[in-house]
Amino acid sequence: MNNKIALCWVLVMISMTLQSAAINNEVKAQGGTGFKINDIRTFESNDDTVFKEDGQTITGTRAQGGTGYKIRYKASEVNPNVTSGILDEVELVNIYMGPVVSTSPVKVFNIEALTTNDTYLVGFDSIPQISLGDEVKVSGFFDAASRSVITRIEKVAPLSEWKLSGYATAISNNQFKINEQVINYLPNQLSGCGVALDEGELVEVQTIAQNAFDINSQLDQVISINCIDEMIANTESTVIIEGMIDAFNGDDELLLSGQAVNLLNNTRYIRGRFTDLQVNIKVEIEGALAENGSTLLAEKVRFIEPRFNLVIPVMPENVINNQVNVAGVSMLIPPQFTDPEGLFDGGLDETTQLKLSGYDQSGQLYLTQVNAVGNVNFDEVSANGLVTLVQQPELAIFGVSIDTTNAVFFDQQGEMIGVDDFFARVTVGAEIEIELASLDVQTGLIQGGEITLIEQPEKASTAKNGNESTVVGIGTLTSLPDAVFQNSFE
């Protein structure tokens, strides 16, 4: 009898050991101690790393479940490529904590927002599962009009307090708006705002949760309004900021989520080009602070999503609601879309030669700007972007098919090359440009033209020799979640 009991205990212990090893392997395979930031940087944590969420200290284990979070971080022992190092501090940032007031499109509070294929969901399997009245924690980035791009949305139990962040506008009689959400307050609820709240000031609002809150409700149970400054200043560390372009000051200065940035003659552009810069798009800028301690001198500008440009005749029937269907692809119009000439106001009036600019996010195209560019000409179609298909003689860039049978080809130096030489060089992910091509209206196929190889695919940086440095940054946590947090972060 004792031998049977002993054998049972041995089997139980073996089973527990195997289960523990499996869990440990799964956790390590999905992140371990590493934090992947914007898919290109991996920083490790150690016993001295400080973890926070909205300023409050949390455990490292909790932080490792934070895929999709906007984060502020500091790192040391960083390699010269700024792709690895040790995290000294990482803070998870929620921009909203509160109720869903619209599901199509998704809105938390009455604030315009964009969810995409890359929005990380916790507590939902898909966007259609989100319901009115659900209470959620949201992370992401917002533009100068407080319209947000949501990188993470997590369903939580009902909250006793809510939070929202953005720029204060329409200030009058102890009332202001963040985007379209109306907030009523008392002057003694302001903190860090000077004598009074100023137009365009960045604020973080804490309120008591309100019953029966909907898209038309006003927030009138404010606890506090904190004016905040997200600028990185007075550091000798390398600075890396992901954010939305708020505005330009001439050709070589811009404002990135409140941070002044100078573009230099030798600034490198990755997954896009200088001419792709525009307001309301998200980029990551790396560099060092100028002598004034606040202006970022840009060494690299990396477009978070690869950019595309397409110059093509567009017919009125191609523009339907918030979507443009042309050349065999569909482009969605997000809240951050800009239309300086009002071309799409009430729909396109007539066939027009348009420049359509936007980005490709996991196969879904988003249109960020439209401009008219001269007379309609079906034989003067041009485009540039990343190659998504190579199948000689066919190419595709951002899903747009190109028949290269009658095309002329050029290499990266602008020298004419043969068709076989071109196809031997071009690969998926390379950037190309096509000019003077023709559009077959019936098939949506682009034909012929002059095709130039602009840049080979972005590659992981190789190790460089040099001294280790420190980094201060803002970015998105893009690592996979650990096994224990796949369904919830609480």
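Just so it is clear, the structure is predicted and the values come from calculations on it, not from any experiment.

(A) Highlighting the overall build of the chain. Looking only at helices and strands, one finds three helices and 38 strands in the chain. Here the chain, with 490 residues, has 49% of them falling under the buried criterion. Taking as baseline every contact in the chain between residues at least 6 positions apart, the subset at least 24 positions apart corresponds to 68%. Here the chain has roughly 22800 Å² of accessible surface; of this, 48% comes from carbon and sulfur atoms.

(B) Main features of a negative patch on the surface. Together, Asp47, Asp48, Glu77 and Asp88 make up a region of like negative charge exposed at the surface. Mapped onto the elements of the fold, aspartate 48 is located in the loop between β2 (41–44) and β3 (50–53).

(C) Expanded view of the pattern of salt bridges. On inspection of all chains with the given rule, the structure shows 18 salt bridges. Note that glutamate 230 is salt-bridged to arginine 72, the shortest N-O span being 2.4 Å. Taken together, the residues span a long stretch of sequence, with glutamate 230 in the loop between β18 (222–227) and β19 (238–248) and arginine 72 in strand β5 (residues 70–78) at a distance of 158 residues. The exposure class of arginine 72 is partly exposed, given its relative accessible area of 26%. Salt bridges here are not isolated pairs; linked through shared partners, they connect Lys70, Arg72, Glu91 and Glu230.

(D) Examining the packing of aromatic side chains more closely. All chains considered together, the criterion is met by 14 aromatic pairs. Ring centres of phenylalanine 409 and phenylalanine 423 lie 6.2 Å apart, and the angle between their planes is 70 degrees; on these two criteria the pair is classed as edge-to-face. Of this pair, phenylalanine 409 sits in strand β33 (residues 408–410) while phenylalanine 423 sits in helix α3 (residues 419–425), and the two are 14 residues apart along the sequence. By relative accessible area, which is 3% here, phenylalanine 409 ends up buried. Taken together, the ring pairs in this structure connect Phe109, Trp162 and Phe213 into an aromatic cluster.

(E) Region of interest: the side chain of threonine 476. Along the chain, the position of threonine 476 falls in strand β38 (residues 469–476). A relative accessible area of 8% places threonine 476 in the buried class. With residues up to four places along the chain from it excluded, the contact list for threonine 476 reads Lys36, Ile37, Asn38, Gly68, Tyr69, Phe141, Thr151 and Glu242.

(F) Layout of the side chain of aspartate 246. For aspartate 246, the location among the structural elements is in strand β19. A polar contact is formed between the side chain of aspartate 246 and the backbone nitrogen of serine 257, at a distance of 3.1 Å. Not counting residues up to four positions away in its chain, the partners in contact with aspartate 246 are Asp143, Ala144, Tyr167, Leu255, Leu256, Ser257, Gly258 and Val279.

(G) Molecular detail of unusual backbone geometry. Look at the link from serine 104 to proline 105: it is a cis peptide, with omega at 5 degrees. Along the chain, proline 105 falls in the loop between β7 (96–103) and β8 (106–108). For the bond running from glutamine 392 to proline 393, omega is 5 degrees, close enough to zero to count as cis. Turning to its location among the elements, proline 393 is positioned in the loop between β30 (381–391) and β31 (394–397). Positive phi values are uncommon outside glycine, yet glutamate 77 reaches one of about 50 degrees. Relative to the helices and strands, glutamate 77 resides in strand β5. Although it is not a glycine, asparagine 280 adopts a positive phi angle of roughly 75 degrees. Looking at where asparagine 280 falls in the secondary structure, it is placed in the loop between β21 (259–270) and β22 (282–289).

(H) Structural view of the nonpolar core. Among the nonpolar cores identified, the biggest contains 42 residues, and Met331, Phe344, Leu356 and Phe422 are the most heavily contacted of them. In this structure phenylalanine 422 touches Leu395, Phe409, Phe410, Ile417, Ile432, Ile451 and Leu453, once residues within four positions along its chain are discounted.

(I) The arrangement of the environment of threonine 103 in detail. Here threonine 103 is to be found in strand β7. Since its relative accessible area comes to 35%, threonine 103 is described here as partly exposed. With 24 residues separating them along the chain, threonine 103 and isoleucine 127 place their C-alpha atoms 8.3 Å apart. Apart from residues no more than four positions distant in its own chain, threonine 103 is found in contact with Ile130, Ser131 and Leu132.

(J) Geometry of the confidence of the model for the chain. Residues of the chain with pLDDT of at least 70 account for 89%, and the chain-wide mean is 89. The model gives residues 1–31 a pLDDT under 50, and that stretch makes 11 contacts with residues more than four places away or in other chains. Contacts for the low-pLDDT stretch residues 480–490, under 50 throughout, to residues beyond four places or in other chains number 38 contacts.

(K) Representation of the environment of leucine 356 within the structure. Position of leucine 356 relative to the elements: it lies in strand β28 (residues 352–361). Taking C-alpha positions, leucine 356 is 9.3 Å from methionine 331, a pair spaced 25 residues apart along the chain. The contacts of leucine 356, once residues within four sequence positions are left out, are Phe308, Asn309, Leu310, Ile312, Val314, Val324, Val326, Met331, Leu367, Gln369 and Val370.

How each quantity is defined
Residues numbered from 1 in each chain as written. Predicted model: local features only at pLDDT ≥ 70, side-chain atom pairs only at ≥ 80, totals over all residues. Heavy atoms only, no water. Helix = DSSP H or I, 4+ residues; strand = E, 2+ residues; numbered from the N terminus. Buried < 20%, exposed > 50% of the residue type's maximum accessible area, 1.4 Å probe, protein only. Contact = heavy atoms within 4.5 Å. Areas by Shrake-Rupley, 256 points an atom, 1.4 Å probe, with all protein chains shown as cover. Patch = residues over 30% accessible without salt bridge, like charges linked within 9 Å, V, L, I, M, F, W, Y side chains within 5 Å. Salt bridge = Lys/Arg side-chain N within 4 Å of Asp/Glu carboxyl O. Lys, Arg positive; Asp, Glu negative; His and termini not counted. Charge placed at Lys NZ, Arg CZ, Asp CG, Glu CD. Phe/Tyr/Trp six-rings, centres within 6.5 Å; stacked < 30°, edge-to-face > 60°. Polar contact = N/O pair within 3.5 Å; in protein donor to acceptor, adjacent residues only side chain to side chain. Core = buried A, V, L, I, M, F, W, Y, C linked by side-chain atoms within 4.5 Å. pLDDT = per-residue confidence, 0-100.

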